[in-house]
Amino acid sequence: MRIAQISTLYESVPPQRYGGIERIVSYLSEELVALGHEVTLFASADSRTSAKLVPGSDCAVRLVEDTADPQAFHFAMLEDVVAASQAFDVVHFHTDYQSFPFARRMQCAHVTTLHWRLDVPGLEAMYRRFADVPLISISNAQRAPLPWLAWAGTVYHGLPDNLYSFHERVGEHLAFVGRIAPAKGPDAAIRIARRANTPLKIAAKVDEADRPYFESAVVPLVETPLIEYVGEQDDAGKGRLLGSARALLFPVNWPEPFGLVMIEALACGTPVIAFGRGSVPEIIEDGVNGFIVRSEDEAVRAVARLPEIDRRRCRETFERRFTAKRMARDYVDVYRRLLNASASRVPLSMSVTPDAASASRRRHS
């Protein structure tokens, strides 16, 4: 197939450090190329890819966003995608609802993966005006606020199987990895670690918008025994930190659409202690690859139960459900159904979960 992947431009593909969407676009594009598809990637010019790269900006927009309008770059790129659409079989957008008005002008099949939450006020009115646009969710929980949208499937994120290595021997610390923001719960992670009398290493990005929260709610807690803030980490740094951790703490207080760091931890063989919100129950099997808890009290008790978890089973979960190869195959299944629906001019109404898609492939292989 001739497939176009349309990334956001805030970070390069892959990003240098933090940047979940751009990382997934990179992993997906590379796997699609490996599967033999003809892939064109619309992304910033400083991206690195095996696909054909069409630059939408000279560099990651975050490098110039203080002096430029980031939306202008995206709108110009999306117009270029429309102009080139006849050259593709499928265009896959990762640019949220920015692409919707452009998608209706496409001369080929198209689909948009939504990477963000859908329970924000104001979104329902907008989505009702674009209820015909085919969408992919990254968890079934993500769909809950707007189940009536034109869902073409659910495809869980995946990582290259060699990105992180399995660690059987671990240190004494817990880990918090991701972004410093109230929704991610770093203050809760610190309280849990202190109450469990267990060291905690925090590897996280601090956006300027979240700096007041970081300085008021997190810094005073970091400047205490047991807690260490190590800053933002690249993949190698995350691999060392997560792989040597007793567990990842994931005390989210929002409906997390996916939570990429959970499968990063599982890839290292590291169990996850997570609040059961959003996608968490779809990723963590309670008592198998971690613990799903409802409160900080339960999280503290879960720390004491970590010896019950076999780290090999954590890695096995990753290899079975969350590799980039599996992700790419599931997306190809969706692309094919889109093309079949377009050829027969019937609505695409089938919603397929990743596990169902994999079962379908096994039946027809």
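Quick look at the structure, then. (Residues numbered from 1 in each chain as written. Predicted model: local features only at pLDDT ≥ 70, side-chain atom pairs only at ≥ 80, totals over all residues. Heavy atoms only, no water.)

A word on the sheet that holds strand S3 (residues 52-57)
Two pairing modes exist for strands in a sheet, parallel and antiparallel, and in both the strands are linked by backbone hydrogen bonds.
Then, number 1: An order of S3-S2-S1-S4-S5-S6-S7 is seen for the seven strands of this open sheet, with the pairing classed as parallel. A strand with exactly one partner marks an edge of an open sheet, and here the two such strands are S3 and strand S7 (151-154). Averaged over all neighbouring strand pairs, the angle between strand axes comes to 20°, with direction disregarded.
Then, number 2: Summarising the sheet, strand S4 (residues 90-93) and strand S5 (residues 109-113) pair through four bridges and their orientation is parallel. If you follow Phe93 over to S5, its bridge partner there is Thr112. (Pairing = 2+ DSSP bridges. Helix = DSSP H or I, 4+ residues; strand = E, 2+ residues; numbered from the N terminus. Axes fitted to C-alpha atoms, helices over the stretch in contact; angles between N-to-C directions.)

Some points on empty space enclosed by the protein
Then, number 1: Applying the stated criterion across every chain yields a total of one cavity of 30 Å³ or more.
Then, number 2: If you add up the space inside the largest cavity, you get close to 40 Å³.
Then, number 3: Forming the boundary of the largest cavity are Phe176, Val177, Gly178, Arg179, Lys184, Leu249, Phe250 and Val252.
Then, number 4: If you list the elements that add at least two residues to the lining of the largest cavity, you get strand S8 (174-179) and strand S11 (248-250).
Then, number 5: Here the lining of the largest cavity is built from residues that sort into five nonpolar, one polar and two charged. (1 Å grid on protein atoms, 1.4 Å probe; cavity = no way out; pocket = protein on both sides within 12 Å on 5 of 7 lines; lining within 4 Å. Points joined across faces, edges and corners; volume = space filled by probe spheres on them. Nonpolar A, V, L, I, M, F, W, Y, C, P; charged D, E, K, R; others polar.)

Some thoughts on the environment of Ala76
Then, number 1: You can see Ala76 is positioned in helix H2 (residues 70-84).
Then, number 2: The partly exposed category is assigned to Ala76, whose relative accessible area is 41%.
Then, number 3: Between the C-alpha atom of Ala76 and that of Ser57, which follows or precedes it by 19 residues, the distance is 9.3 Å. (Buried < 20%, exposed > 50% of the residue type's maximum accessible area, 1.4 Å probe, protein only.)

Focus: the pattern of salt bridges
Then, number 1: By the definition in use, this model includes 22 salt bridges.
Then, number 2: Across the pair Glu168 and Arg312 runs a salt bridge, and its minimum N-O distance is 2.5 Å. Residue Glu168 is found in the loop between S7 and S8, and its partner Arg312 is found in helix H11 (residues 311-321); the two are separated by 144 residues along the sequence.
Then, number 3: Relative accessible area serves as the criterion here: at 47%, Glu168 is assigned to the partly exposed category.
Then, number 4: Here the salt bridges do not stand alone but share partners, grouping Arg23, Asp235, Lys238 and Glu264 into one network. (Salt bridge = Lys/Arg side-chain N within 4 Å of Asp/Glu carboxyl O.)

With respect to the nonpolar core
Across soluble globular proteins, nonpolar side chains have a tendency to be buried as a group.
Then, number 1: Formed by 85 residues in total, the largest nonpolar core has its most connected members in Ile180, Leu200, Ile202, Val272, Ile273 and Tyr335.
Then, number 2: By residue number, the principal contributor to this core is helix H12 (residues 324-344), which donates eight residues.
Then, number 3: The residues touching Val272, leaving out its near neighbours within four places in the chain, are Leu248, Phe250, Met262, Ala265, Leu266, Ile284, Asn289, Gly290 and Phe291.
Then, number 4: Counting 16 residues, the second largest nonpolar core, distinct from the first, contains Val81, Val91, Ala103 and Cys108. (Core = buried A, V, L, I, M, F, W, Y, C linked by side-chain atoms within 4.5 Å. Contact = heavy atoms within 4.5 Å.)

A short note on helix H5 (residues 186-195)
Then, number 1: In terms of burial, H5 is a largely internal element, seven of the ten residues being buried.
Then, number 2: Every buried residue of H5 is accounted for by Pro186, Asp187, Ala188, Ala189, Ile190, Ile192 and Ala193.
Then, number 3: On its buried side, H5 packs onto S8, strand S9 (200-205), helix H6 (211-222), strand S10 (227-229), S11 and helix H10 (296-304).
Then, number 4: Downstream of H5 by a residue or two, Asn197 has a phi angle that is positive, lying close to 55°.

Here's the deal with the packing of aromatic side chains
Then, number 1: Within the structure shown, the criterion is met by ten aromatic pairs.
Then, number 2: Summarising the aromatic geometry, the rings of Phe100 and Tyr127 are spaced 5.7 Å apart at their centres and angled 70° between planes, so their arrangement reads as edge-to-face. Linking Phe100 in helix H3 (residues 100-103) with Tyr127 in helix H4 (residues 123-128), this pair joins segments that are 27 residues apart in sequence.
Then, number 3: Taking the relative accessible area as the measure of exposure, Phe100 reaches 0% and is therefore buried.
Then, number 4: Aromatic pair Tyr156 and Phe322: ring centres 6.0 Å apart, planes at 50°, arrangement tilted. Taken together, the residues span a long stretch of sequence, with Tyr156 in the loop between S7 and S8 and Phe322 in the loop between H11 and H12 at a distance of 166 residues. When sorted by exposure, Tyr156 lands in the same class as Phe322, which is buried.
Then, number 5: The rings of Phe100, Tyr127 and Phe130 are connected pair by pair, giving a single aromatic cluster.
Then, number 6: Here Arg128 stacks its cationic end above the ring of Trp148, 3.9 Å away from the centre of that ring. (Phe/Tyr/Trp six-rings, centres within 6.5 Å; stacked < 30°, edge-to-face > 60°. Lys NZ or Arg CZ within 6 Å of the ring centre and 35° of its normal.)

So, unusual backbone geometry
Then, number 1: Pro14 follows Val13 through a cis peptide bond whose omega is -5°.
Then, number 2: Turning to its location among the elements, Pro14 is positioned in the loop between strand S1 (2-6) and helix H1 (20-34).
Then, number 3: Look at Asn197: it is not a glycine, yet its phi comes out positive at around 55°.
Then, number 4: Tracing the backbone shows Asn197 in the loop between H5 and S9.

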